[in-house]
Amino acid sequence: MKNSKFIINVGDLLLSAWKRDEINFEKEMIPEIEWLTKEWISGKILIQSFDKESLLVTLEDVTCTIKEPCDRCTNLYKRNVKVENYTARFQVEFDKDYDWDDEIFLIDKNETIDVKDMIINAILLQEPFTKKCENCLKQDEENGEMEDWDLDIFEWTGNINFR
């Protein structure tokens, strides 16, 4: 299997609560991530069982480099991505009463989990709103353009009334 490093057998962890496992991976490829460079993806997967039907999976220090076009000049540039910590829950079945704010994946019938989609989500969440190469960022800085608006510069007038 191509991405076998991301398909993990968790049967032994589901035997009792609070069991832990740690998996390090280096230079693994995920074809679904567009523009991924040849350094591929590296990081650590921590897995902890809650009970016989659910796991907490945490990604730590996931790194990769993406070569993508700048939104302004369209030149390709490299952007380093680092996900320090990203957590999701894996369950045997979906719990209707569970707080759906958390990301939940299913544990399959063979007692394996596939963390590939979790890794993809963690990396995609690091994507900037506007992708700019170093030259365009320098131009913005020189021209005094603000990338991130500082809301403290707006003066509070208190002229909004709610009825």
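Residues numbered from 1 in each chain as written. Predicted model: local features only at pLDDT ≥ 70, side-chain atom pairs only at ≥ 80, totals over all residues. Heavy atoms only, no water.

**Examining the packing of aromatic side chains**
On inspection of all chains with the given rule, the structure shows three aromatic pairs. The interplanar angle of 85 degrees and the centroid separation of 5.3 Å between the aromatic rings of Phe6 and Phe25 together place this pair among those described as edge-to-face. Taken together, the positions of Phe6 in the segment before β1 (7-9) and Phe25 in strand β2 (residues 20-28) put the pair 19 residues apart, joining distant regions of the chain. No difference in accessibility class separates Phe6 from Phe25, as the two residues are buried. An angle of 25 degrees between the planes, with centres 5.1 Å apart, marks the rings of Phe90 and Phe105 as stacked. Taken together, the residues Phe90 in strand β5 (residues 76-91) and Phe105 in strand β6 (residues 104-106) connect sequence positions 15 residues apart. Take Phe90 and Phe105: they sit in the same class, and that class is buried. (Phe/Tyr/Trp six-rings, centres within 6.5 Å; stacked < 30°, edge-to-face > 60°. Helix = DSSP H or I, 4+ residues; strand = E, 2+ residues; numbered from the N terminus. Buried < 20%, exposed > 50% of the residue type's maximum accessible area, 1.4 Å probe, protein only.)

**Quick word on the pattern of salt bridges**
Per the counting criterion, the structure on display carries eight salt bridges. Two residues, Arg72 and Asp140, come together in a salt bridge whose shortest N-O distance is 2.6 Å. Within this pair, whereas Arg72 is found in the loop between β4 (54-69) and β5, its partner Asp140 is found in helix α2 (residues 134-143), the two being separated by 68 residues in sequence. Assessed through its relative accessible area of 5%, Asp140 is described here as buried. The partner of Lys132 in a salt bridge is Asp140, with the nearest N and O atoms 2.4 Å apart. Each of Glu68, Arg79, Glu127 and Lys131 takes part in a single network of salt bridges with overlapping partners. (Salt bridge = Lys/Arg side-chain N within 4 Å of Asp/Glu carboxyl O.)

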